[in-house]
Amino acid sequence: MSDETLEQVIGWSIILGVAGSLVMCLNLYRQVGNLEYKVNQLDSNLNSAVQSLSRDVWEMKSKQ
């Protein structure tokens, strides 16, 4: 393999490696965003459930 061909192969390898890393980073960023949304939704659902349970317990105590 000539020196010029070897330099081209190395250059394209670096470009493809950087592009692949960028795609993986963007995918990871998207997944972290989705996970954050799901955690916030779960927190909201948990708060609603606790409030509902507290209200039900208060009503049951009031009836006694």
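This structure is a prediction, so every number in the text was calculated from the model and none was measured.

Engineer: Where do I start with the overall build of the chain in this structure?
Structural biologist: Counting its secondary structure elements, the chain contains 1 helix and 0 strands. By the compact-globule yardstick of 11 Å for 64 residues, the chain is too spread out, its C-alpha radius of gyration being 28 Å. Counting only C-alpha atoms and orienting by the principal axes, one finds that the chain spans roughly 90 × 10 × 5 Å. Looking at the chain residue by residue over its 64 residues, the buried ones come to 0%. By element, 64% of the accessible surface of the chain is carried by carbon and sulfur atoms, the whole surface being about 6200 Å². Separation of charge centres in the chain, based on 5 positive and 7 negative side chains, amounts to 28 Å.

Rules and cut-offs
- Residues numbered from 1 in each chain as written.
- Predicted model: local features only at pLDDT ≥ 70, side-chain atom pairs only at ≥ 80, totals over all residues.
- Heavy atoms only, no water.
- Helix = DSSP H or I, 4+ residues; strand = E, 2+ residues; numbered from the N terminus.
- Rg over C-alpha atoms; globule rule 2.2 N^0.38 Å.
- Buried < 20%, exposed > 50% of the residue type's maximum accessible area, 1.4 Å probe, protein only.
- Areas by Shrake-Rupley, 256 points an atom, 1.4 Å probe, with all protein chains shown as cover.
- Lys, Arg positive; Asp, Glu negative; His and termini not counted.
- Charge placed at Lys NZ, Arg CZ, Asp CG, Glu CD.

Remember, this is a structural readout, not a statement about activity or role.
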